[in-house]
Amino acid sequence: WKKYNQMYKESVIDMEKDLATEGLISMNAERKQRLVAEVISRVRVFDQNVDGKMNDYKGDGMNDSLDTLQQLIAIRRLSLLLNDNFQELEMEEMGRLWETIIFVLAPERKARQQGKTGLPYSRLKRLRKGMESGFKFSYQGDDRLTVYVPIDFLDDEFLSE
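Residues numbered from 1 in each chain as written. Predicted model: local features only at pLDDT ≥ 70, side-chain atom pairs only at ≥ 80, totals over all residues. Heavy atoms only, no water.

A. Up close: the pattern of salt bridges. According to the stated counting rule, one finds two salt bridges in the structure shown. Across the salt bridge formed by Arg 34 and Glu 30, the nearest N and O atoms sit 3.2 Å from each other. Highlighted residues: Arg 34 and Glu 30, both in helix 2 (residues 29-41), separated by four residues, approximately one helical turn. Classification of Arg 34 as partly exposed rests on a relative accessible area of 43%. (Salt bridge = Lys/Arg side-chain N within 4 Å of Asp/Glu carboxyl O. Helix = DSSP H or I, 4+ residues; strand = E, 2+ residues; numbered from the N terminus. Buried < 20%, exposed > 50% of the residue type's maximum accessible area, 1.4 Å probe, protein only.)

Below you can see the structure in the form of structure tokens.
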């Protein structure tokens, strides 16, 4: 009984510490911006030599790199999405994950259809057709998560993935 009582006391102490620091980042704009900046600093561009071949992405094999303008736009969009949806993404609560996550900007998807922008990537319609979203998740043993994000991602699509 003493063992469980001690575990309970330790849990209460941890809970009180957690409550004392709750909102420490989200209530402070500078700390919030610093966390988003740390996540954005780990964004890198897809490299076939490092990441291997990915069949879901288009490209001729000769020049599969993303141009600088596409990279800057995607990074800025990511930055704004993370800032605007800080609470919904639980960036403070899941801080350990966000401190190690690496985003890899991948080339545009093959299945890009013309016409309505959100239509081909609507989650429900995509699942009915058996299509992939283009997002890939890779978890390494040293607690690092790598997320491959297609350069032509939509805001809602990014948030739902």
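B. View of the nonpolar core. With 24 residues, the main nonpolar core has Leu 82, Met 91, Trp 98, Phe 103, Phe 153 and Phe 158 as its most contacted residues. If you list the elements that add at least two residues to this core, you get helix 2, helix 4 (68-84), strand 2 (102-106) and strand 4 (144-150). Core analysis: the second largest hydrophobic core is formed by five residues, Ile 102, Val 104, Ala 106 and Tyr 148 among them. (Core = buried A, V, L, I, M, F, W, Y, C linked by side-chain atoms within 4.5 Å.)

C. Region of interest: the packing of aromatic side chains. Here the structure, examined in full by the defined rule, presents four aromatic pairs. For the ring pair Phe 103 and Phe 158, a centre distance of 5.7 Å and an interplane angle of 45° mean the geometry is tilted. In this pair, Phe 103 sits in strand 2 while Phe 158 sits in helix 7 (residues 155-160), placing the two residues 55 residues apart along the sequence. Each member of the pair, Phe 103 as well as Phe 158, is classed as buried. Taking the centre distance of 6.5 Å and the plane angle of 50° together, the rings of Phe 135 and Phe 158 count as tilted. (Phe/Tyr/Trp six-rings, centres within 6.5 Å; stacked < 30°, edge-to-face > 60°.)

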